[in-house]
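Structural features, examined
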Amino acid sequence: MLHLKLQPKLFISIIYPLLALIVISLMYVGYSDYKYIKTNTYQQAKNNLDIANEYLDQHLNAVNNQLFLLGETYRYNYNLTDFLLSAQYILDNENKYLEIGLLTEKDEYYATNYVYNTYAADNRSRVWFNEKMNYGTPFISPLYKSEQTQKWTVAIVRLLNLSNGKTARLVLELDILGLYDKLSLLKTLMNGYVYAVDSKTGQIVMHPDPSRISTQSISLPPIEIKRIVSNAQLKKDVNEEPNSELTTKNIINYSYQDQTKFSIYQADNQLGWILLSNSNNADMKYKVFNIGVVSFVLLAMIGVLSMIYFISNRVHSKGQVLSGSTRLEDIYLALSQMASELTHFDNMFFIIYNPYNRHFEEPVNNLSFNADDVLTEITQDKVEALKIPAPLITDIFPHQTCIRIPLYNKGELIGVIYLTNSNLKSLHFMNIFRNYAQSALINMLLTQKIRSEDSMTQLMNKVYLRQQMGTQIRCKTPDTYLAMIDIDDFKLINDHFGHLFGDRVIIKTADMLRHYFNHRAVTSRYGGEEFAVLFYAVDEQQAYQKLEEFRYGIETTAIKSELKQCDLTVSIGFSALRDSIDKTIYDADRALYLAKNNNKNKVYQSV
C-alpha cells in the first residue's frame, strides 16, 4: 500500500499562492461590486433627472396657462380690479406662487396683496423686466429675492399685446423652496440629491441646503456651463436622438469640501436651468466597503469567497433592474425574484400606503388595512425575523418565522414587505434588499403622484381611474359603480362669466365630490368639465341615492366670486362595474347622454 507522507514544506509551498488567490479574488469581487454600484448609481441619478424634468415642465405649463387666462381677463375689459381679484384667487389657492402682477402699458405695476408702484423707472429696472421679449414666448428671469416676501424666486413673464397697439407684461413669481420641496425626495444612494444651476448666471437656484441658493456653483464653473450649453444647442441643431451613438454620458467630476463627487446633468428644460443629480464617490466606496468588510471575514476560505461573490452579483444585478422600474408590477416581480435568491420563503406580501384613501393596500392579493393597525404592528425601523403573535395578514401564521421589512421615507412608513416561513438568520443582505426596495418604492410613488393627479383640482386623472377600474375588475370586487358627471351648460358659463370663473366652477365641483364621497371612492377629473367617480354601494338604489344627494347638493350651492354668482347643475349617468373598462365607461356615458337629453340636472342609470 502506497503511503503519501505529508510534509510541512508542502503547505509552505502553497500558502503564498493561496494568499495571492484570496487577495486577487477579493480585488475582483470589490471591482465587480464597484462597477455594479456605479452603473446603478448613474441609472438612478438619470431617473431622478427625468422625474425632475417632468415635474418642472408640468409646473411651468401650469404657470403659462394661468398667465394666458389672466391676460385674456385683462384684455376683455382692461379692468385692473377684475384682474387683481382673479390673480389673488389663484395666489391664495397655490402655495408655490409668491406674487402675480401686471406691468401696464404705462409702466405702472399692480400686483396681488395690494402691491403697486407707479414709478416707471423703478418698474423697468426690476430683475424680471426684459425689453426684448417676444409675444408667445415667456421670459424666465434670473434668481432673485422677492421684494414682498423676501423668498427666493424666479419670475415667469408673458408679453401681452393690447388692442391699442401697446404692450403690457404679466408677471408670476415662483417660490423656489416650495417648488423644490418634492424634488428633495429624489435621492441617489445615501447622500446624493437633485439640484439646479442657472445656465445664464451660474447661480445655484435649487439645493437642499437653502444657504447655497444664489451662490456660484462649484461643480459647474463658467467654462463648464458654456461647454454644456454649446453641446445642448449642437444636439438640438442636428436633431440628435437621446440614444444615438453620438450621445455621451453627461457626467461632471469635481471636489467639494475635500470630497470627490460626480453629477449627471441635463440641460434641455424650458427654464434654462441645468439640472443635476449628484452623488459622493465615498458613498459608492462605502457600499463596496460595507460589503467588503463582511466579505473579507467570510472570504478567508475559497468556498465562502465564491458564495459571497455570487450573492453580491445577484443582489446588485436585481437591484439594477429595480432602479429603472416605475410600475408596481415590475417592482413586485423584481423584488420577488431578488428575495427568492436570498432566502427560502413561502409567500411574499408587499403592502403599500395609499395616501388617497389612507389605507395600506396589498394589490396582488387585493388586501386593505387600516393605517393605524399597521403602525401599531410596526414598532421598529429595522428588518426583523420574528414570529408575529396576531398578524394582520391571515396567511401569515403566528407559529412560523416571518421576515418583516419596513420601508420608510423621511421617517414615515410607506410600505412593508413580509416573507413568510423563512429560516434566514443573517439579515445583512436583507438590509441591502431593503435599500433597493425603499428607493424603488419612493421613486414609484413620486412618479405615480406626478402622473396620476389633475393639477387644477388635485383629483385623480383619467389614467389613474382606469387603473383602479382594471384592479376592481380583476379582483371581481362586488357592489362597485362608475358614475360619469357633466356640468350642465358649462360653455355658457365660460362665455358669460369668463374662463377664470369657469375654473372656479370646476374646482368647486371637485370640492363637492370630495365632500359627498368618502376616501374609499376614486374621484377623478375625466376631462374638461366632465368628472367620474368609482364608488361602493350595497345596491343600485343606494348608488342612485348617493349620486342624487350629490346632484342636489350641487343644485343648491351657488358659486360666487365678488359680483358674479352662478347657479349650477350637473347631469349624471352611472353603471355597475362590468367585465371590461371600456364597456363600463360606455354604459355610464350612455346613461349620461340620456340625462343630458331629458332636460339635464338628473341622475340616470344604465339599463
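Residues numbered from 1 in each chain as written. Predicted model: local features only at pLDDT ≥ 70, side-chain atom pairs only at ≥ 80, totals over all residues. Heavy atoms only, no water.

Regarding the pairing of strand E9 (residues 192-198)
Where we set the bar: Whether a residue is buried, partly exposed or exposed follows from its accessible area with a 1.4 Å probe, protein chains only, as a fraction of its type maximum: under 20%, in between, or over 50%, in that order. Each helix is a run of DSSP H or I of at least 4 residues and each strand a run of E of at least 2, with the numbering of both proceeding from the N terminus. In short, DSSP must find at least two bridges between two strands for them to pair.
Burial analysis of E9 places 7 of its 7 residues in the buried class, which makes it a mostly covered element. Residues Gly192, Val194, Ala196 and Asp198 point to one face of E9 and Tyr193, Tyr195 and Val197 to the other, with burial holding for every one of them. The pairing of strand E8 (residues 187-188) with E9 spans 2 bridges and is classified as antiparallel. Pairing of threonine 188 across the sheet is with glycine 192, part of E9. Linkage of E8 to E9, two consecutive antiparallel strands, is achieved through a turn of 3 residues, within which leucine 189 is found at a positive phi near 55°. Relative to strand E13 (residues 273-280), E9 is paired through 5 bridges, and the arrangement is antiparallel. Within the sheet, the bridge partner assigned to valine 197 lies in E13 and is isoleucine 274. The sheet contact formed by E9 and strand E10 (residues 204-206) spans 2 bridges and is antiparallel. Bridge pairing links alanine 196 to methionine 206 in E10.

Brief notes about the sheet that holds strand E20 (residues 480-487)
Strand pairing in a sheet relies on backbone hydrogen bonds. The paired strands run either parallel or antiparallel. The line we're drawing: Geometry is summarised by axes, namely lines fitted to C-alpha atoms with helices restricted to the contacting stretch, and by angles between N-to-C directions that run from 0 to 180 degrees. Residue contacts follow a heavy-atom distance rule, with two residues in contact if any of their heavy atoms lie within 4.5 Å.
The sheet built from 5 strands is open, its strands ordered E21-E22-E20-E25-E26 with mixed pairing. On the outer flanks of this sheet lie strand E21 (522-527) and strand E26 (603-605), each paired with one strand and no other. On average, each strand axis in the sheet is tilted by 20° relative to the strand beside it, whichever way the strands run. Bridge analysis of E20 against strand E25 (residues 570-576) gives 7 bridges, and the strand direction is antiparallel. Bridge pairing in E25 links isoleucine 487 to valine 570. In the packing of helix H13 (residues 499-516) onto the sheet, the strands contacted are E20, E21 and strand E22 (530-536), and the crossing angle to E22 comes to about 5°.

What about the packing of helix H12 (residues 490-497) against H13?
Applicable threshold: Angles are sorted into four bins: roughly parallel if under 35 degrees, roughly antiparallel if over 145, roughly perpendicular if 65 to 115, and oblique for all others. The classification used treats Ala, Val, Leu, Ile, Met, Phe, Trp, Tyr, Cys and Pro as nonpolar, Asp, Glu, Lys and Arg as charged, and all other residues, Gly among them, as polar.
Taken N-terminus to C-terminus, the directions of H12 and H13 make an angle of 135°; their axes are 7 Å apart at the nearest point. Here H12 lies oblique to H13, going by the angle between them. Counting all contacts with H12, which are made through Phe490, Ile493, Asn494 and Phe497, the residues of H13 involved are His499, Phe501, Gly502, Val505 and Ile506. Considering only residue class, the contact of H12 with H13 consists of 6 nonpolar, 3 polar and no charged.

Quick word on the pairing of strand E12 (residues 259-266)
Buried residues dominate E12, accounting for 6 of its 8 residues. Sheet analysis places strand E11 (residues 251-256) next to E12, joined by 6 bridges and oriented antiparallel. The residue of E12 that forms the bridge with tyrosine 256 is glutamine 259. In textbook terms, the turn of a hairpin is the stretch between consecutive antiparallel strands, and for E11 and E12 this stretch comprises 2 residues, one of which, glutamine 257, has a positive phi near 50°.

With respect to the nonpolar core
Heads up, the rule is: The nonpolar core is taken to be a set of buried Ala, Val, Leu, Ile, Met, Phe, Trp, Tyr and Cys residues, with the residues joined through side-chain atoms within 4.5 Å.
With 62 residues, the main nonpolar core has Leu56, Met206 and Trp273 as its most contacted residues. For this core, the leading source of residues is helix H1 (residues 8-77), giving 13 residues. Core analysis: the second largest hydrophobic core is formed by 32 residues, Ile331, Phe345, Leu424 and Ala440 among them.

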